[in-house]
Amino acid sequence: MRTMSFRVTGLVQGVWFRGWTQLTAQDLGLCGWVRNLPDGSVAGQAQAREDSDAGQELLARFAELLRQGPPSARVARVETELCELPEVFDGFQVRR
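Attention in this report is confined to the structure presented alongside it. Here the structure is a predicted model, which means the values were calculated and not measured.

Read from one edge of the open sheet, five strands run β4-β1-β3-β2-β5, paired in mixed fashion. Edge positions in the sheet fall to β4 (74-84) and β5 (92-94), since each of these pairs with one other strand and no more. Between one strand axis and the next, the sheet turns by 15 degrees as a mean value, whatever way the strands run. Here strand β1 (residues 2-11) pairs with strand β3 (residues 42-48) via six bridges, running antiparallel. Looking at β3, one finds that Ser5 is bridged to Gln45. Of the strands in this sheet, β1, β2 (30-36), β3, β4 and β5 touch helix α2 (residues 53-68), which is tilted by about 5 degrees from β1.

Calculation rules
Residues numbered from 1 in each chain as written. Predicted model: local features only at pLDDT ≥ 70, side-chain atom pairs only at ≥ 80, totals over all residues. Heavy atoms only, no water. Pairing = 2+ DSSP bridges. Helix = DSSP H or I, 4+ residues; strand = E, 2+ residues; numbered from the N terminus. Axes fitted to C-alpha atoms, helices over the stretch in contact; angles between N-to-C directions. Contact = heavy atoms within 4.5 Å.

Here it is as C-alpha cells:
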C-alpha cells in the first residue's frame, strides 16, 4: 500500500497539531497515524485508499496542508517520504 511517512518540526507540540492532523487526514479520506516525538517534532504515516494517481494527489495535498498546520502552530519544516507498506491502516489514529 502506498504510504507517506512524514515528520514536522517547529512549534508543533502543545498547539493541537495531532488533532488537527487527524481531522485533516480524515477529511481527505486518508488512513494512518500521528504522534509526538521526544525531540519536539510530530511524525506519522498516511495512506490513501486508492493506490493510484488520485491517491498520490491526496497524499500530496496532505503534505501541503501539513506545511500550513493549524493556526496556533509554526511549522518550520515538513519531511516526507513515499514507501510501500504491506500494512493497511484502519482509520486515522493519534498515537501516544
